[in-house]
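# Reading the structure
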Amino acid sequence: MTNIKTKIFEILFPNPIWTAAGPTAADASMLKRAADGGAGGLVTKTISVKPAKVPIPNIVSPFAGSLLNAELWSEMDYQNFINEELPKIKALGKPVIVSLGYSPEDFSILGKAVEKNGCADAIEYSIHYVGKDVDNLTRTAEALKNNTSLPIIAKFSPSIPDLESAVRALDKIVDGFAAINSVGPALDFDIKTLQPCLGSEDGRGWLSGRAILPIGLHFVSAISQLTDKPVIGVGGIRKVEDVVKYIMAGASAVQVCSLAVLKGQDVYGKLADKLAKWMKQHNYPDIDSMRGIFHNRKKEAFHLLGYGTQLHPQWIEKKCTLCMICEKSCVHRAISFPNDIFQLEKEKCVSCGLCASVCQPGALEMIENHY
Ligand SMILES: Cc1cc2nc3c(=O)[nH]c(=O)nc-3n(C[C@H](O)[C@H](O)[C@H](O)COP(=O)(O)O)c2cc1C
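Residues numbered from 1 in each chain as written. Predicted model: local features only at pLDDT ≥ 70, side-chain atom pairs only at ≥ 80, totals over all residues.

Looking now at the overall build of the protein. In terms of helices and strands, the protein carries 13 helices and 18 strands. Against the globule reference of 21 Å for 371 residues, the protein gives a C-alpha radius of gyration of 23 Å, in line with a compact fold. Taking the principal axes of the C-alpha coordinates as reference, the protein spans close to 70 × 55 × 40 Å. Each of the 371 residues in the protein was classed as buried or not, and the buried ones make up 42%. The contacts of the protein with a sequence gap of at least 6 include a subset with a gap of at least 24, amounting to 70%. (Helix = DSSP H or I, 4+ residues; strand = E, 2+ residues; numbered from the N terminus. Rg over C-alpha atoms; globule rule 2.2 N^0.38 Å. Buried ≥ 20, exposed ≤ 12 C-beta atoms within 10 Å, placed from the backbone. Contact = placed C-beta atoms within 7 Å.)

Right, dumping it as structure tokens:
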């Protein structure tokens, strides 16, 4: 039997695919769509004492699968959110994680108010606008800790300069970590009008979606090696294999934002169903059996990089569609297709591996050559 339920902070989540703080988690009606769409946990849009003044336009898609946003945090009055929305969100029957921001002063008000309201199971706080200084991060986390007994998740931005110091400092205060927030600042603009695509003062915003998956994986893998506390993976998830990667890199659960914005609120349940099928097919009985296994295998992969070993692409003819993308992307001109037959000039090949990674049908496999 495959079990995708996951227990984090003694809270039982029906599956490890949660909403992320963002436009699809702004209020109870939106989170109802997420709950109906199969989300295993409901993380809300970030609430702060001062409602955000959100510029327009504030979300664009610069290329397929990614978003650039200047949405800041919630425009809702925090008392309205806590008194009116939170009880309705709690009634949806899924674990509720309230996202809060940003300063110690904000947290002394919001921590108490969320605790008193009694509808949240945990709190996530974003370090996005807190600054990069570790003392500042620690002060902020302490302010929240002093005002709530709920489990606290620190959500990291990828711009944090010294990840190790930040994790070690916060590990003494918080109960878990989430990574990553959107990446930036980032810019896009119209070359005819010269107008930025976003309406923020400087036209800048934050990038999310498919482009940031490898950054998120790096953060989750690095954080999970620095702490024994739960790490939640977020950033760039589009398909079940991305979820699997986050869990193998050390995540106990994942959050999904851009995909739900672009494809609808049933993506959570679809990913959860696919995860259960994938795990069954690959003989993983539960999340714990997969979690962090990337770290056990990393050293085995390292030996390939040792001197005395080269990797060369091997052609699997029956899979090849003769699209020639490998030939075009080989900057060393090591690949050619005389009479539609793959040919490699080994003395030109530098073993970079790009040809195999761009080959969609999987017709090239990097194999070891010892010399
Ligand atoms: C339009 C938009 C609004 C967001 N608002 C918040 C927010 O209020 N608080 C927060 O912590 N993260 C916010 N995020 C970041 C997401 O929660 C998430 O960390 C990021 O988008 C990466 O995940 P994804 O690639 O699945 O979108 C927002 C993202 C987007 C696209």
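Here we take up the sheet that holds strand β8 (residues 122-126). On the basis of which strands lie adjacent, the open sheet formed by eight strands has the order β3-β14-β13-β10-β9-β8-β7-β4 and parallel pairing. This sheet does not close on itself; its edge strands, each paired only once, are β3 (17-19) and β4 (42-43). Examined bridge by bridge, strand β10 (residues 176-179) and strand β13 (residues 231-234) share three bridges and lie parallel to one another. Directly across from A179, in β13, lies its bridge partner G233. (Pairing = 2+ DSSP bridges.)

Take the site of the ligand next. Lining the immediate environment of the ligand, one finds 28 residues, of which A21, T46, S208, C257 and S258 sit closest. Elements represented by at least two residues in the shell around the ligand include exactly β6 (66-69), β12 (205-209) and α8 (258-263). The residue makeup of the shell around the ligand, split by class, is 12 nonpolar, 13 polar and three charged. (Near = placed C-beta within 6 Å. Nonpolar A, V, L, I, M, F, W, Y, C, P; charged D, E, K, R; others polar.)

This next bit is on the environment of V240. Along the chain, the position of V240 falls in helix α7 (residues 240-249). As for V240 and A52, which are separated by 188 residues in sequence, their C-alpha atoms are 34 Å apart. Excluding residues that lie within four positions of it along the chain, V240 makes contacts with L271, K274, L275 and W278.

So, on to the domain arrangement of the protein. Here the domain parsing of the protein yields domain 1 (6-297) and domain 2 (306-370). Distance between the C-alpha centres of domain 1 and domain 2: 39 Å. (Domains from an automatic or database assignment.)

The next subject is the nonpolar core. Within the largest apolar cluster, 93 residues are counted, with the highest numbers of intra-cluster contacts made by I123, A154, A179, V254 and V256. It is helix α9 (residues 267-281) that provides the largest number of residues to this core, a total of six residues. Sequence-distant contacts of A154, that is, excluding residues within four places in its chain, are made with Y125, I127, A141, L170, V174 and F177. Judged by nonpolar contacts, the second largest core, of eight residues, contains C330, C355, C359 and A363. (Core = buried A, V, L, I, M, F, W, Y, C linked by C-beta atoms within 7 Å.)

A few words now on the packing of helix α3 (residues 104-117) against helix α4 (residues 134-145). At their nearest, the axes of α3 and α4 sit 8 Å apart, and the two run at 15 degrees to each other. Relative to α4, the element α3 lies roughly parallel. By crossing handedness, the relation of α3 to α4 is classed as right-handed. Counting all contacts with α3, which are made through P104, F107, S108 and G111, the residues of α4 involved are R139, T140, A143 and L144. A class-by-class count of the residues in the contact of α3 with α4 yields four nonpolar, three polar and one charged. (Axes fitted to C-alpha atoms, helices over the stretch in contact; angles between N-to-C directions. Parallel < 35°, antiparallel > 145°, perpendicular 65-115°, else oblique. Left-handed = near helix turned anticlockwise from the far one by under 90°.)

If you trace the four strands from one edge of the open sheet to the other, you get β5-β6-β12-β11, paired in antiparallel fashion. Whereas interior strands pair on both sides, the edge strands pair on one side only; in this sheet they are β5 (59-60) and β11 (183-186). Pairing of β6 with β12 involves four bridges; the strand directions are antiparallel. If you follow N69 over to β12, its bridge partner there is W206.

Turning our attention to unusual backbone geometry. G101 connects to Y102 through a cis peptide bond whose omega is 0 degrees. Following the sequence through the fold, Y102 ends up in the loop between β7 (96-100) and α3. The phi angle at L194 is positive, at roughly 65 degrees, despite the residue not being glycine. Mapped onto the elements, L194 comes out in the loop between β11 and β12. For L194, a count of 8 C-beta atoms within 10 Å corresponds to the exposed category.

Attention now moves to α4. Here α4 spans 16 Å end to end across 12 residues, near enough to the 16 Å set by a 1.5 Å rise per residue. Buried within α4 are the following residues: L137, T140, A141, A143 and L144. The buried residues of α4 occupy one face: seen down the axis, they fall within an arc of 155 degrees. Taken together, the buried residues of α4 touch α3, β8, β9 (152-156) and α5 (163-171). (Expected span 1.5 Å × (residues − 1). Arc of directions from axis to C-beta.)

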